[in-house]
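Analysis of the macromolecular model
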Amino acid sequence: MAAPSGYALPVSAPDRRIWFDGEFVPWQDAQVHLLSHALARGSLVFDYMSLYETERGAAIFRLADHVERFCISCELVGLPLERTADEISAACFDVARANPGAKVLKLNAFLPSVEVDVVPADARVALAVAAFDPQQDVMQRKAKPPPPPPAAIKLWLEKERRQRRPDILHPHAKVAANYASPMLAKWRARARGFDDVLLLDEQGCIAEAPTSNFFLVDEAGALCTPPEPSVLLGVTRRSVLELAAAEGLRVEQRALAPAALDTAREAFLTGTSAGVLPVACVDGRPFRALCPGPVTEALAARFRRVTEGRDPDFLHWLSFVSP
Ligand code: PMP
């Protein structure tokens, strides 16, 4: 018997092809078993990168950095990848060419085998690469499409649980299991009228949001972001740090106690989906500068220019899909 309808996309949905262990399969056929280790234990490792339209055609943003992070995530979780970084990059180009109009590429490494124990008896890792448009191919096909995200977001500081702890599941690992706990925190915040949550690290300092990194401009005008051990090493975070340096801004990676929010001039989130996204307030309290603040605006504009292929200094961040 088929699974009850209504949960998944209609089977004939997007005209997309997914690269599954070296073969292209239609979107609806890219499936794994309900009892697979990937699903049952949340052990799927992934990475998610943007495809931008430029005058020279589609380009993948910082491909090598994403593939490197993907390989590191697999190592941190203990998934033995059978393909090299070069082979994975080649697959990304093939998938991007096979799916015109796609806006993102998603890499997935997982244990498809049905398993009983936490340690899999069959540790062969499958690799799948998908390219799609999250809005057109997924969200707009929901029975009730959600409203578009706001231009500036309202955050809630999650105070109950310290979620980013390198001693449990390293924040550098982009593994499905790392998203289960923030899901609940974000769900609760949504129910109270906030858009997203800020998570704390083991010491009670600000770490990141569930799928984006956090920046603030402090009272002295320095651009600050939490340090590496307690956050995912976001590719957009790294890009913004490099762009800020190019703009001559003072940049600091340092621990930020929640009290830093009281005196901050402005704040923003960064991520593949978020881009550079202004934060309107945290716990209902706005920042000193009007939102979006001047630093946020300048970095968002520069980032946009880079992704449109109009910034010669950072053209090397784009890998053009058609040579
Ligand atoms: N933190 C977490 C936990 C994330 O899942 C993401 C999204 N990949 C980010 C930060 C932002 O990373 P990036 O800029 O590479 O998308």
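Everything in this summary refers to the structure shown in the same document.

The rules behind these values
Every chain is numbered independently, its residues counted from 1 as its sequence is written. Under the rules for a predicted model, residues below a pLDDT of 70 receive no local features and side-chain atom pairs below 80 are neither given nor counted, while totals for whole chains, interfaces and linings still include all residues. To get the side-chain values, take all heavy atoms of the structure and skip hydrogens and water. Axis lines are fitted through C-alpha atoms, for helices just across the contact stretch, and the angle between N-to-C directions can take any value from 0 to 180 degrees. The way it works is that DSSP assigns letters per residue, a run of H or I at least four long becomes a helix, a run of E at least two long becomes a strand, and they are numbered from the N terminus. Between 65 and 115 degrees an angle is taken as roughly perpendicular, under 35 as roughly parallel, over 145 as roughly antiparallel, and anywhere else as oblique. Working rule for contacts: check all heavy atoms of both residues, and any pair within 4.5 Å makes them a contact. Gly is placed with the polar residues, together with every amino acid not listed as nonpolar (Ala, Val, Leu, Ile, Met, Phe, Trp, Tyr, Cys and Pro) or charged (Asp, Glu, Lys and Arg). Two distance rules govern patches: like charges are joined within 9 Å, and nonpolar side chains (Val, Leu, Ile, Met, Phe, Trp, Tyr) within 5 Å, applied only to residues with over 30% relative accessible area and no salt bridge. In these tables, accessible area is a Shrake-Rupley quantity obtained with a 1.4 Å probe, and a residue counts as shielded only by the protein chains included in the view. Note on definitions: salt bridges are taken to be side-chain nitrogens of Lys or Arg within 4 Å of carboxyl oxygens of Asp or Glu. The classification of residues rests on relative accessible area computed with a 1.4 Å probe and restricted to protein chains. Under 20% of the type maximum is buried, over 50% is exposed, and intermediate values are partly exposed. Two strands pair under a simple rule: DSSP has to find at least two bridges between them.

Any two packed helices are characterised by the angle at which their axes cross and by the distance between the axes. For the pair helix 6 (residues 235-246) and helix 8 (residues 294-307), interaxial distance at closest approach is 10 Å and the crossing angle is 110°. By the angle class used here, helix 6 and helix 8 are roughly perpendicular. For the pair helix 6 and helix 8, the contacting residues are Thr236, Ser239, Val240, Leu243, Ala244 and Ala246 in the first and Leu299, Arg302, Phe303 and Val306 in the second. Here the contact of helix 6 with helix 8 is composed, by residue class, of seven nonpolar, two polar and one charged.

Together, Leu34, Leu35, Leu39 and Val114 make up a nonpolar patch on the protein surface, roughly 410 Å² of accessible area in all. Residue position: Leu34 is located in the loop between strand 2 (23-26) and helix 1 (37-41). Residue Leu34 is classed as exposed on the basis of its relative accessible area of 63%.

For sheets, the rule is that strands pair by backbone hydrogen bonds, running either parallel or antiparallel. One open sheet holds the seven strands; their spatial order is 2-1-6-5-3-4-16, and the pairing between them is antiparallel. The open sheet has two free edges, formed respectively by strand 2 and strand 16 (318-320), since each of these has just one partner strand. On average, each strand axis in the sheet is tilted by 30° relative to the strand beside it, whichever way the strands run. Here helix 3 (residues 85-98) sits on the sheet and contacts strand 1 (17-20), strand 2, strand 3 (45-54), strand 4 (57-61), strand 5 (104-110), strand 6 (126-132) and strand 16; the angle it forms with strand 6, its principal contact strand, is near 35°.

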